[in-house]
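Coordinate analysis (summary)
Next come the chains, spelled out residue by residue.
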Amino acid sequence: MKTDKRKGEKFLLSYKPVFKYNLIFCILILLTFIVGGIYHSFEEMKWTSKTTMNAAKW
């Protein structure tokens, strides 16, 4: 515990801001993975459909 020099009282460090920023960071990472997965899925479907259409022409 640290001592407040102005009042001479002891106070505990709060972990709420650390927890809040950690939670925000984790949510952003999850959203990044989700958006990346959606983008990858659409690109894969586009490539697969082009390949299928080219194979069907012959």
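Nothing here was measured: the structure is a model prediction, and the numbers come from that model. (Residues numbered from 1 in each chain as written. Predicted model: local features only at pLDDT ≥ 70, side-chain atom pairs only at ≥ 80, totals over all residues. Heavy atoms only, no water.)

With that settled, consider the overall build of the protein. Within the protein one finds one helix and two strands. In the protein, the succession of α and β elements from N to C terminus is β-β-α. For the protein, the computed accessible surface area is about 6,100 Å², with 70% contributed by carbon and sulfur atoms. (Helix = DSSP H or I, 4+ residues; strand = E, 2+ residues; numbered from the N terminus. Areas by Shrake-Rupley, 256 points an atom, 1.4 Å probe, with all protein chains shown as cover.)

On to the confidence of the model for the protein. Per-residue pLDDT for the protein has a mean of 85; in total, 79% of the residues score no lower than 70. Across the protein, helix α1 (residues 16-57) holds the top mean pLDDT of 93, while strand β1 (residues 2-3) sits lowest at 54. (pLDDT = per-residue confidence, 0-100.)

Under the defined criterion, the tally for this structure stands at one salt bridge. With a shortest N-O distance of 3.5 Å, E43 and K46 are connected by a salt bridge. On the criterion of helical spacing, the pair formed by E43 and K46 is a turn pair, its members being three residues apart in helix α1. Residue classification places E43 among the partly exposed positions, given a relative accessible area of 32%. (Salt bridge = Lys/Arg side-chain N within 4 Å of Asp/Glu carboxyl O. Buried < 20%, exposed > 50% of the residue type's maximum accessible area, 1.4 Å probe, protein only.)

In this section: the packing of aromatic side chains. Per the stated rule, a full pass over the model turns up zero aromatic pairs. Over the ring of Y21 we find K20, and its NZ or CZ is 5.2 Å from the ring centre. (Phe/Tyr/Trp six-rings, centres within 6.5 Å; stacked < 30°, edge-to-face > 60°. Lys NZ or Arg CZ within 6 Å of the ring centre and 35° of its normal.)

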